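Below are the chains, spelled out letter by letter.
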Amino acid sequence: MGASYVFACARIRSNERYLLNKDKLNQMIEARTPEDACKILQDAHYGDEDVIQPEAYEQALVKESDKLYALLHQLAPDAAEFRIFAYPFDYHNIRALLKAEALEIQAGDLLMSGGTLEPAAMALMVKERNTLSLTSHMKKAIDESVDTLARTKDPQCVDLICDRECYADILEAAEKSGSKFVLGYVRLLIDTVNLKTFVRCQKMGQPWSYFSTVYLPGGEISEKTFVAGYDEPVQAFAARIAASALSQAAETGGVSIKETGSFTSIEKLCDDALIAYVKDAKYVSFGIEPLIGYAVGKQMEIKSVRIILAGKMAGLAPERIRERVRETYG
């Protein structure tokens, strides 16, 4: 497999030079104005040489995300592994279309590119219930959402069903890839989703039976482990998952939840665990690993930039912004 990625890996190594490291992100955080922060982004090749205006930074970030997925498709157009990044966009569009249909409005600007299907094609398939070109999980998401929404009139059911089927598709793609690295990443990703759901359900006072309905299979941490520790403080639950890469996230994040009531710390630490995992790709010369590592690193970079610019626009103090910023891949 490695030999087929020689050119792709060389291109990725070149692109890695432009990733924003901690120093660059700190410069953005400490920038005197949002305009100064945006100038740092332009130096990192955001915006396609256009001046990035603070009030329109989201457009620049969406464009940067589109560039990332276009690059991956260009380098490895037939790599099924990249579907793990594309499926969330497909399912975003499915849920947007179904909710718009229920409200008798147009989904319009809510649709996003980056999926395995173009937004217009997905819109037509959902409208006509023509699911032949969709995965079995997409079909199940549409059918079950339509049925449940008709009975309950609760749009949240669409989110829960689509999340479940989306991660089922992601897991299936990872399993079919034959890559232990990709599968390990996806299993950890699912664990982060379950851990964040776990602490939110606890905080909301939901019974463990409710958590069981939203638990996503496929991670390394079993449903049984979560249920066994459901009545424990999160930092105590961390001992149950001591062998997991998320033990520190549970322990430190649990303390933060207890002291502040905020989920900010545990969300950041979960993302940091994903970055720590993919950093191993830096030591792989050729293969799918450097491409996956770069993609995850770039996604986290864009998330951090969004956090920084939103904080600057809101007038938050630098230390408040810094505590939310994710670890870097660079």
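Residues numbered from 1 in each chain as written. Predicted model: local features only at pLDDT ≥ 70, side-chain atom pairs only at ≥ 80, totals over all residues. Heavy atoms only, no water.

A word on the overall build of the chain
Assigned secondary structure in the chain consists of 16 helices and zero strands. For 330 residues, the compact-globule estimate of 2.2 N^0.38 gives 20 Å, and the chain sits close to it at 20 Å. Oriented by its inertia axes, the alpha-carbon framework of the chain measures out at about 50 × 50 × 45 Å. Counting only residues that meet the buried cut, the chain has 48% of its 330 residues in that class. When the accessible area of the chain is evaluated, it comes to approximately 16,300 Å², of which 53% is carbon and sulfur surface. Here the chain carries 39 positive and 47 negative side-chain charges, and the mean point of each set is 2 Å from the other. (Helix = DSSP H or I, 4+ residues; strand = E, 2+ residues; numbered from the N terminus. Rg over C-alpha atoms; globule rule 2.2 N^0.38 Å. Buried < 20%, exposed > 50% of the residue type's maximum accessible area, 1.4 Å probe, protein only. Areas by Shrake-Rupley, 256 points an atom, 1.4 Å probe, with all protein chains shown as cover. Lys, Arg positive; Asp, Glu negative; His and termini not counted. Charge placed at Lys NZ, Arg CZ, Asp CG, Glu CD.)

Digging into the packing of helix α3 (residues 34–43) against helix α15 (residues 288–314)
It is the contact of α3 with α15, at a shortest axis distance of 9 Å, that shows an interaxial angle of 160°. Between α3 and α15, the crossing angle belongs to the class labelled roughly antiparallel. For the pair α3 and α15, the crossing hand works out as left-handed. Between α3 and α15, the contacting residues are P34, A37, C38 and L41 on the first element and V305, L309, K312 and M313 on the second. Of the residues in the contact of α3 with α15, the class split is seven nonpolar, no polar and one charged. (Axes fitted to C-alpha atoms, helices over the stretch in contact; angles between N-to-C directions. Parallel < 35°, antiparallel > 145°, perpendicular 65-115°, else oblique. Left-handed = near helix turned anticlockwise from the far one by under 90°. Contact = heavy atoms within 4.5 Å. Nonpolar A, V, L, I, M, F, W, Y, C, P; charged D, E, K, R; others polar.)

A look at the nonpolar core
Generally speaking, a soluble globular protein has its nonpolar side chains buried in company with each other. Grouped together as the largest cluster of nonpolar side chains are 85 residues, with contacts concentrated most on F82, I84, F85, L195, L291 and I292. The element that contributes the greatest number of residues to this core is helix α9 (residues 180–204), accounting for twelve residues. Apart from residues lying up to four places away in sequence, L291 is in contact with Y5, A8, C9, I12, L72, L75, A76 and F82. (Core = buried A, V, L, I, M, F, W, Y, C linked by side-chain atoms within 4.5 Å.)

Focus: the pattern of salt bridges
Tallying each qualifying case throughout the model produces 27 salt bridges. We note a salt bridge from E101 to R129, for which the minimum N-O separation is 2.5 Å. Of this pair, E101 sits in helix α5 (residues 83–103) while R129 sits in the loop between α6 (119–128) and α7 (136–152), and the two are 28 residues apart along the sequence. Three or more residues joined by partner-sharing salt bridges are found here, namely E64, K67, K298 and E301. (Salt bridge = Lys/Arg side-chain N within 4 Å of Asp/Glu carboxyl O.)

Notes on empty space enclosed by the protein
The gaps of empty space that remain are located by a probe, the size of a water molecule, rolled over the atoms. For the structure shown, the criterion picks out one cavity of 30 Å³ or more. Put simply, the largest cavity is a space of about 50 Å³. Residue lining of the largest cavity: L19, L20, L25, G297, M300, E301, S304, E327, T328, Y329 and G330, and that is the complete set. Ranked by residue count, the leading element in the lining of the largest cavity is α15, at four residues. In the lining of the largest cavity, the residues fall into five nonpolar, four polar and two charged. (1 Å grid on protein atoms, 1.4 Å probe; cavity = no way out; pocket = protein on both sides within 12 Å on 5 of 7 lines; lining within 4 Å. Points joined across faces, edges and corners; volume = space filled by probe spheres on them.)

Quick look at the side chain of S65
Structurally, S65 can be placed in helix α4 (residues 57–75). Given the relative accessible area of 16%, S65 is considered buried. Contacts of S65, omitting those with residues within four sequence positions, involve F89 and I302.

A short note on the packing of aromatic side chains
The geometry of an aromatic ring pair comes down to the distance between the two centres and the angle between the two planes. Following the criterion strictly, the structure yields eleven aromatic pairs and no others. A ring pair is formed by F181 and Y277, whose centres lie 5.2 Å apart and whose planes are at 25°; its orientation type is stacked. Taken as a pair, F181 in helix α9 and Y277 in helix α14 (residues 264–278) lie far apart in primary sequence, 96 residues in all. Residue Y277 is classed as partly exposed on the basis of its relative accessible area of 23%. For the pair F226 and F237, a centre-to-centre distance of 5.4 Å together with 20° between the ring planes defines the contact as stacked. With a gap of eleven residues between them, F226 in helix α11 (residues 223–228) and F237 in helix α12 (residues 234–237) connect regions that are remote in the sequence. The burial state of F226 is the same as that of F237; both residues are buried. Taken together, the aromatic side chains of F198, F211, Y215, F226, Y230 and F237 make up a single cluster linked through ring pairs. Above the plane of the ring of Y329 lies K282, whose end atom (NZ or CZ) is 4.4 Å from the centre. (Phe/Tyr/Trp six-rings, centres within 6.5 Å; stacked < 30°, edge-to-face > 60°. Lys NZ or Arg CZ within 6 Å of the ring centre and 35° of its normal.)

Thoughts on the environment of M313
Here M313 is to be found in helix α15. Among residues more than four places away in sequence, those in contact with M313 are P34, P54, E55 and Y57.

Brief notes about the packing of α4 against α15
Running from amino to carboxyl end, α4 crosses α15 at an angle of 175°, the nearest separation of the two axes being 10 Å. Between α4 and α15, the interaxial angle falls into the category roughly antiparallel. Contacts between α4 and α15 involve Y57, E58, L61, E64, S65, L68, Y69, L71, L72 and L75 on the former and, on the latter, L291, Y294, A295, K298, Q299, I302, V305, R306, L309, A310 and M313. Each residue belonging to the contact of α4 with α15 can be placed in one class, and the counts come to 15 nonpolar, two polar and four charged.

Some details on the layout of surface pockets
In this structure, the largest pocket occupies an estimated 1,200 Å³ of space. Around the largest pocket, the lining comprises 37 residues; the ones closest to its centre are P88, F89, Y167, Q299 and K303. Elements with a minimum of two residues in the lining of the largest pocket: α4, α5, α8 (156–177), α9, α14 and α15. Per-class residue counts for the lining of the largest pocket are 20 nonpolar, six polar and eleven charged.

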